[in-house]
Amino acid sequence: MAFLQDPPQLPHPYRSDRALLALLDRALPAERRAALDADLDALGDYAQMAWQRACTTTRRKPVLTQWDAWGQRVDRIELTPAWQEGSAMTTRHAVLAAGHADSEHARLEEFARVYLYHLASEFYTCPLAMTDGAATAIKASGNRELIARVLPHFLSRDPATFWLSGQWMTETTGGSDVGNTETIARQDADGQWRLYGRKWFSSAVVGEAALALARPEGAAGGTGALALFYVETMDGARRKSELIIDRLKDKLGTQELPTAEIHLDGLPAWPLGELAHGVRQVAPMLNITRSWNAICAVASMARAISLARDFATRRRAFGRPLIEQPLHAQTLADMQADFEAAFALAFEVAHLLGRVEHGAASAEEAAVLRLLTPLAKLWTGKLAVKACSETLECFGGAGYIEDTGLPQLLRDAQVYAIWEGTTNVLSLDSLRALAGDSLGALRHATGRWLDGNDDMHAASAIWQTLDAAARWLDQHASARDTLEAGARGLAFTLARCAAAALLARQATWSKGRGEPRPAAALHRFVGRGLDRLVAPDAGNTASLLS
Ligand code: MFK
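Criteria and cut-off values
- Residues numbered from 1 in each chain as written.
- Predicted model: local features only at pLDDT ≥ 70, side-chain atom pairs only at ≥ 80, totals over all residues.
- Heavy atoms only, no water.
- Helix = DSSP H or I, 4+ residues; strand = E, 2+ residues; numbered from the N terminus.
- Rg over C-alpha atoms; globule rule 2.2 N^0.38 Å.
- Buried < 20%, exposed > 50% of the residue type's maximum accessible area, 1.4 Å probe, protein only.
- Near = heavy atom within 4 Å.
- Polar contact = N/O pair within 3.5 Å; in protein donor to acceptor, adjacent residues only side chain to side chain.
- Areas by Shrake-Rupley, 256 points an atom, 1.4 Å probe, with all protein chains shown as cover.
- Nonpolar A, V, L, I, M, F, W, Y, C, P; charged D, E, K, R; others polar.
- Salt bridge = Lys/Arg side-chain N within 4 Å of Asp/Glu carboxyl O.
- Core = buried A, V, L, I, M, F, W, Y, C linked by side-chain atoms within 4.5 Å.
- Contact = heavy atoms within 4.5 Å.
- Pairing = 2+ DSSP bridges.
- 1 Å grid on protein atoms, 1.4 Å probe; cavity = no way out; pocket = protein on both sides within 12 Å on 5 of 7 lines; lining within 4 Å.
- Points joined across faces, edges and corners; volume = space filled by probe spheres on them.
- Axes fitted to C-alpha atoms, helices over the stretch in contact; angles between N-to-C directions.
- Parallel < 35°, antiparallel > 145°, perpendicular 65-115°, else oblique.
- Left-handed = near helix turned anticlockwise from the far one by under 90°.
- Phe/Tyr/Trp six-rings, centres within 6.5 Å; stacked < 30°, edge-to-face > 60°.
- Lys NZ or Arg CZ within 6 Å of the ring centre and 35° of its normal.

K.L.:
Please explain the overall build of the chain as it appears in this structure.
P.N.:
Each helix and strand counted, the chain has 18 helices and 13 strands in total. In terms of overall dimensions, the chain is globule-like: its C-alpha atoms have a radius of gyration of 24 Å, near the 24 Å expected for 546 residues. Its C-alpha atoms give the chain principal-axis dimensions of roughly 75 × 70 × 60 Å. Split into buried and exposed, the 546 residues of the chain put 56% on the buried side.

K.L.:
Is there a simple way to think about the site of the ligand in this case?
P.N.:
The ligand sits among 27 residues. The nearest are Ser-176, Thr-223, Arg-280, Arg-290 and Arg-432. Residue Arg-280 places a side-chain N or O atom 2.8 Å away from an oxygen atom belonging to the ligand. Between the ligand and Glu-420, the relevant distance is 3.0 Å, taken from an oxygen atom to a main-chain nitrogen or oxygen of the residue. Compared with its free state, where it exposes 1,200 Å², the ligand has 77% of that area covered by protein. Considered class by class, the residues forming the shell around the ligand number 12 nonpolar, nine polar and six charged.

K.L.:
Teacher, can you tell me more about the pattern of salt bridges here?
P.N.:
When the charged atoms of two side chains lie near each other, side chains of opposite charge can form a pair. Following the criterion strictly, the structure yields 38 salt bridges and no others. Its salt-bridge partner being Arg-505, residue Glu-348 comes within 2.6 Å of it at the nearest N-O pair. Placement of Glu-348 in helix H9 (residues 326–357) and of Arg-505 in helix H16 (residues 487–511) is noted, with a sequence separation of 157 residues between them. In this structure, Glu-402 and Arg-411 form a salt bridge, with 2.6 Å as the shortest nitrogen-oxygen distance. By relative accessible area, which is 45% here, Glu-402 ends up partly exposed. Within the structure, one salt-bridge network assembled from shared partners comprises Asp-334, Asp-338, Lys-386, Arg-524 and Arg-528.

K.L.:
I would appreciate a short explanation of the nonpolar core in the present structure.
P.N.:
Within soluble globular proteins, side chains that are nonpolar generally end up buried alongside one another. Formed by 176 residues in total, the largest nonpolar core has its most connected members in Tyr-115, Phe-154, Tyr-230, Phe-347, Leu-372, Trp-379 and Leu-442. Excluding anything up to four places from it in sequence, Leu-442 contacts Val-368, Leu-371, Leu-372, Trp-449, Leu-466, Leu-494 and Ala-498.

K.L.:
Even after reading the chapter, I still don't get the pairing of strand E5 (residues 193–202), so can you show me in this structure?
P.N.:
Side chains on a regular strand alternate between the two faces of the sheet. For strand E4 (residues 184–187) and E5, the ladder comprises four bridges, and the chain directions are antiparallel. Looking across to E5, one finds that Ala-185 is bridged to Leu-195. Connecting the antiparallel pair E4 and E5 is a turn made up of five residues, with Gly-191 showing a positive phi of about 85°. Examined bridge by bridge, E5 and strand E11 (residues 260–271) share eight bridges and lie antiparallel to one another.

K.L.:
How should the layout of surface pockets be read in this particular structure?
P.N.:
One number sums up the size of the second largest pocket: a volume of about 790 Å³. Together, 31 residues line the second largest pocket, and Ser-16, Arg-18, Ile-305, Arg-309 and Gln-336 are the ones closest to its centre. Contributions of two or more residues to the lining of the second largest pocket are made by helix H1 (18–27), helix H5 (106–117), helix H8 (278–314), H9 and helix H17 (517–527). Here the residues of the lining of the second largest pocket sort into 19 nonpolar, four polar and eight charged.

K.L.:
I keep staring at the environment of Ala-302 and nothing clicks. Help me out?
P.N.:
Note that Ala-302 resides in helix H8. Sequence separation between Ala-302 and Leu-375 is 73 residues, and the spatial gap between their C-alpha atoms is 19 Å. With sequence-adjacent residues up to four places away left out, Ala-302 is seen in contact with Asp-17, Tyr-115 and Phe-339.

K.L.:
Quick question: what am I supposed to make of the packing of H5 against H8 here?
P.N.:
How two helices pack is summed up by the angle between their axes together with the distance between the axes. Viewed as axis vectors pointing N to C, H5 and H8 meet at an angle of 45°, and their least axial separation amounts to 9 Å. For the element pair H5 / H8, the angle class is oblique. Remark: the crossing between H5 and H8 carries right-handed chirality. Of the residues in H8, those touching H5 at Arg-107, Glu-110, Phe-111, Val-114 and Tyr-115 are Ile-288, Ser-291, Trp-292, Ile-295, Cys-296, Val-298, Ala-299 and Ala-302.

K.L.:
Which parts of the structure should I look at to understand the packing of aromatic side chains?
P.N.:
For any pair of aromatic rings, geometry is given as the distance between the ring centres together with the angle between the planes. As enumerated under the stated definition, the model contains 13 aromatic pairs in all. For the pair Phe-111 and Trp-292, a centre-to-centre distance of 5.8 Å together with 75° between the ring planes defines the contact as edge-to-face. Of the two residues, Phe-111 sits in helix H5 while Trp-292 sits in helix H8, which places them 181 residues apart along the sequence. Considering the side-chain rings of Phe-123 and Tyr-416, the 6.1 Å spacing of their centres and the 25° angle between planes classify their relative orientation as stacked. Placement of the pair is Phe-123 in the loop between H5 and helix H6 (125–141) and Tyr-416 in the loop between helix H11 (406–413) and helix H12 (423–434), with a sequence separation of 293 residues. Tyr-416 sits in the buried class, given a relative accessible area of 0%. Between Lys-249 and the ring centre of Trp-200, over which it is positioned, the NZ or CZ distance is 3.7 Å.

K.L.:
What exactly am I supposed to notice about the environment of Glu-171 here?
P.N.:
One can find Glu-171 in the loop between strand E3 (165–168) and E4. Placed 12 residues apart in sequence, Glu-171 and Thr-183 show a C-alpha to C-alpha distance of 8.4 Å.

K.L.:
Looking at this model, I keep getting lost on the packing of H1 against H16. Mind explaining?
P.N.:
Where H1 contacts H16, the axes come no closer than 11 Å and their chain directions differ by 80°. Classed by the angle they form, the pair H1 and H16 counts as roughly perpendicular. Residues Ala-22, Leu-23, Asp-25 and Arg-26 of H1 pack against Arg-505, Gln-506, Trp-509 and Ser-510 of H16. Partitioned by chemical class, the residues of the contact of H1 with H16 number three nonpolar, two polar and three charged.

Next up, the structure:
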């Protein structure tokens, strides 16, 4: 009988994830921690089942049928099994509802669920993120009528009443530069606002509602004149005729997610608040979806590393299992250290978000949250691609073969760096945050996170790098182009420093309980350098681009 390689097995995504278990044990009061366990265990079971299912069934994509046999426009989308199960899973395990519970721990408890559910959901988490963001933006608008109408649906624990919301911003003219939005809002004879235009990336077209940016007819150009509207997409069981699905996108990854090009031909709409400053009004949504993006990126890293590690125990080459090969072990350990740092940063955003939303946070914590949100999004997005790419290599040729399920990890991961603002757009957003005193706030927080940690080498590297970042910022503060050219280097540096300090906090706690591995991850992570600052050289850049 010819040799047959054992395929990788997915360990239980909840019970085997020591980073998640330790974080929850440290951060949550015992009774809340215990109450969370059943949902997380069930989501871990579902994730394991979904992996088995993906390994044994042919992959499907959503299918759009625009016309029925009799010539009627129907725009019907058939969804994959995980998408069909999405509303039941979400409501049964309170994935969204948990985040809006009345506790400073609500967001942490929500994002623990998201982390476990994400890959099994086949990116159903994308519209969930937008629904969460819409709920948050609508709450922030103070629009009582809308709050009363939609929150019971968005946060429902019953699939029969659950609604998904989209976020319709991107247009062909606009892209990241949303100020170029061409969609027009016009009032009809009855005073009803209606939207006319084309939205280029609609990720939740199967949802029941959306928040959309549009320019009220006659308003000036630019970002400030845009208004934010709430729309509903369904008339009973039928999609509204003023919402037309032009086609589904053919994408590199996230192929189960039915991303659509749509146009709006008079779709009824209601302003959230004033008829201007729509981007300011949608910002709470952006910050929520960016937090989801970071958590989902670390979920992809966890999955990739977990499979690579398991395989390394099953695969023998050159006389021993891969895990005993020094260079392979080194590679896996580097990936693990990156993951633990990224995990610590992404979940700190969740923790701080809950505290800020429930009035439990200081002004300093709010400033740290504003800075860490773009940093976590941009850095974890890049790290997820790197971890998934390295994972494919860990499988050699098998990693390049579709029906191992591995290439999908890499294709899907590429989206994290693009969704909700690219790495560069997010680096520029971190400059917005740094315009206040968020760097000072981060330094104070770092002091608290490092408190009690005995890794003097790590502490000294973190402080030296933060000092260098502060000097860099001072030096370039008044030269806008230089500041922007170096914004990515600055953002990566601050993200790495914050992640290292947060990992130190976890390491201190874990060490006190006899668990040395987070300290080992810290040591390795810091050892690979924190400083990613660059000295922009406009002349050199121009000559290379000429
Ligand atoms: C499974 C994972 C889940 C992830 C969900 C995935 C869903 C995927 C769907 C998408 O990808 S949707 C497309 C996402 N598109 C973007 O994220 C847009 C990228 N562009 C930006 O982020 C720009 O920075 C932005 C459009 C927000 C603003 O650019 P501008 O036109 O230069 O505006 P400006 O004047 O700087 O900001 C307008 C206001 O918003 C200002 O406030 P004021 O009016 O009070 O001055 C800003 O301070 C405020 N603002 C902007 N970004 C903010 C913010 N406030 C708080 N937080 C922020 N992040």
